[in-house]
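# Notes for the structure review
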Amino acid sequence: MHMKAKIYCEVTCCRCSGLASKSRYYKNSETIARLKELTKDWVWDENLCGNLCPDCQKELKNKS
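A brief look at the structure comes next. Once a new chain begins, its residue numbering starts again from 1 and follows that chain's sequence as written. Given that this is a predicted model, residues contribute local features only at a pLDDT of at least 70 and side-chain atom pairs are listed and counted only at 80 or more, while totals for whole chains, interfaces and linings are drawn from all residues. For side-chain calculations, the full set of non-hydrogen atoms in the structure is used, while hydrogens and water are omitted.

The next subject is the overall build of the protein chain. Under the scheme used here, helices are H or I runs from DSSP no shorter than 4 residues and strands are E runs no shorter than 2 residues, and both carry numbers assigned from the N terminus. Of regular secondary structure, the protein chain possesses two helices and four strands. Mapped from its N terminus to its C terminus, the protein chain presents α and β elements in the order β-β-α-β-β-α. The reference for a compact globule is 2.2 Å times residues^0.38; the radius of gyration itself is calculated from the C-alpha atoms. At 14 Å, the protein chain has a C-alpha radius of gyration far larger than the 11 Å of a compact globule built from 64 residues. For the protein chain, the spread of C-alpha atoms along the principal axes amounts to about 55 × 20 × 15 Å. Residues count as neighbours in contact if any of their non-hydrogen atoms are within 4.5 Å of one another. Taking as baseline every contact in the protein chain between residues at least 6 positions apart, the subset at least 24 positions apart corresponds to 34%. Surface exposure of the protein chain reaches about 5400 Å², of which carbon and sulfur atoms provide 52%. Separation between the mean location of the 12 positive side-chain charges and that of the 8 negative ones in the protein chain comes to 7 Å. Areas reported here follow the Shrake-Rupley algorithm with a probe of radius 1.4 Å; residue values treat only the protein chains shown as occluding. Just so you know, the count uses Lys and Arg for positive and Asp and Glu for negative, and it drops His and the chain ends. All charge positions are set by atom: Lys at NZ, Arg at CZ, Asp at CG, Glu at CD.

As C-alpha cells, this is what we get:
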C-alpha cells in the first residue's frame, strides 16, 4: 500500500534557527492560516535571505 507523501509546514528564523510554534504536517488550508497568524510578527529579511523572529529583529535593530 502506497501513501501520499506528507508535507511538513514550518517557519524558522534564519539567524537563530528558532522554530515558530504550531509548525506541523499539512492537513488543510487551516494549517497554513494558523501558521500565518502565529508568525504575523516575523519578517523576511532581504539581506539575510530568510525569515527573522521578533527577538532577532530587535537584536539587529539595536545593533544598527
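The structure having been displayed, the exposition proceeds.
Note on definitions: salt bridges are taken to be side-chain nitrogens of Lys or Arg within 4 Å of carboxyl oxygens of Asp or Glu. According to the stated counting rule, one finds three salt bridges in the structure shown. Here R15 makes a salt bridge to E59, at a shortest N to O gap of 2.9 Å. With R15 in the loop between strand 1 (8-9) and strand 2 (24-25) and E59 in helix 2 (residues 54-63), this pair connects stretches of sequence that are 44 residues apart. Type-normalised accessible area, obtained with a 1.4 Å probe on protein chains alone, sets the label of each residue: buried when under 20%, exposed when over 50%, and partly exposed for intermediate values. Classification of E59 as partly exposed rests on a relative accessible area of 40%. Residue R34 is joined to E30 by a salt bridge in which the shortest nitrogen-to-oxygen separation is 2.6 Å.

A patch consists of residues exposed above 30% relative accessible area that lack any salt bridge, with like charges linked at up to 9 Å and nonpolar side chains (Val, Leu, Ile, Met, Phe, Trp, Tyr) linked at up to 5 Å. Judged by side-chain polarity, I7, Y26 and I32 come together as a nonpolar surface patch covering roughly 280 Å² of accessible area. In this structure, Y26 sits in the loop between strand 2 and helix 1 (29-38). We classify Y26 as partly exposed; its relative accessible area is 40%.

This brings us to the state of the cysteines. Sulfur atoms of two cysteines make up a disulfide when they are within 2.5 Å. All chains considered together, the criterion is met by zero disulfides. Cysteine C13 remains unbridged, with the sulfur of C56 as its closest cysteine sulfur at 3.7 Å. On the basis of relative accessible area, C13 is assigned to the buried category, the value being 2%. Judged by its relative accessible area of 3%, C56 is buried.

All quantities given are derived from atomic positions and should not be read as evidence of function.
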